[in-house]
Amino acid sequence: QVQLVESGGGLVQAGGSLRLSCEASGSIFSINGMGWYRQAPGKQREMVADITGGGSTFYADSVKGRFTISRDNSKNTVNLQMNSLKPEDTAVYYCNAQIRVSLWRQVDSWGQGTQVTVSS
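The rules behind the values
Residues numbered from 1 in each chain as written. Predicted model: local features only at pLDDT ≥ 70, side-chain atom pairs only at ≥ 80, totals over all residues. Heavy atoms only, no water. Helix = DSSP H or I, 4+ residues; strand = E, 2+ residues; numbered from the N terminus. Buried < 20%, exposed > 50% of the residue type's maximum accessible area, 1.4 Å probe, protein only. Polar contact = N/O pair within 3.5 Å; in protein donor to acceptor, adjacent residues only side chain to side chain. Pairing = 2+ DSSP bridges. Axes fitted to C-alpha atoms, helices over the stretch in contact; angles between N-to-C directions. Salt bridge = Lys/Arg side-chain N within 4 Å of Asp/Glu carboxyl O. Contact = heavy atoms within 4.5 Å.

## Digging into the environment of S62
Position of S62 relative to the elements: it lies in the loop between strand 6 (57-59) and strand 7 (67-72). Since its relative accessible area comes to 40%, S62 is described here as partly exposed. A distance of 3.4 Å separates polar atoms of two side chains, one belonging to S62 and the other to R38.

## Observations concerning the sheet that holds strand 1 (residues 2-7)
Through backbone hydrogen bonds, the strands of a sheet pair up, either in parallel or in antiparallel fashion. Strands sit in the order 1-3-8-7 across an open sheet of four strands; the sheet is antiparallel. In the strand order of this sheet, the two ends are held by strand 1 and strand 7, each with one partner. For this sheet the average axis-to-axis angle between neighbouring strands, irrespective of direction, equals 15°. Strand direction decides the pairing type here: strand 3 (residues 18-26) and strand 8 (residues 77-82), joined by six bridges, are antiparallel. Pairing of R19 across the sheet is with Q81, part of strand 8.

## Topic: the pattern of salt bridges
Between side chains of opposite charge, pairing is possible as soon as their charged atoms come close. Inspection of the entire model under this criterion finds four salt bridges. Residue K64 is joined to D61 by a salt bridge in which the shortest nitrogen-to-oxygen separation is 3.1 Å. Here D61 falls in the exposed class, since its relative accessible area comes to 67%. Several salt bridges converge on common partners, so that one network encompasses R38, E46, R66 and D89.

## Some words on the side chain of N96
On the secondary structure map, N96 appears in strand 9 (residues 91-100). Here D108 takes part through its side chain, which lies 2.8 Å from a polar atom of the side chain of N96. A distance of 3.1 Å separates a polar atom in the side chain of N96 from the backbone oxygen of S109. Leaving out residues up to four positions away in the same chain, N96 has contacts with L4, G33, M34, G35, Y37, D108, S109 and W110.

Laid out in structure tokens, this is it:
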């Protein structure tokens, strides 16, 4: 079994910053891609940022230049630094990781979500 646990959400004023963290634990052989998704009320879940095992990063157009994703492979963690936050960034943010639990099996794991609220 593997588990992703997020932390760092909260309430912030527009223009402020928050840092989300996510730690993977359990029977981990290796971790490939890791990323952050978000879901606002009444909307579909969308990709925010993604980082490959090799460190290549991808961002949604709406967050480019404001958010930075990073990972620490030694700690099985992925972080999302969010700057210049806007009210439209308000959502539940979910951590995602493709975790190889053996040489032959990979699982797509999700965290429980953490609320980010940006007030205007």
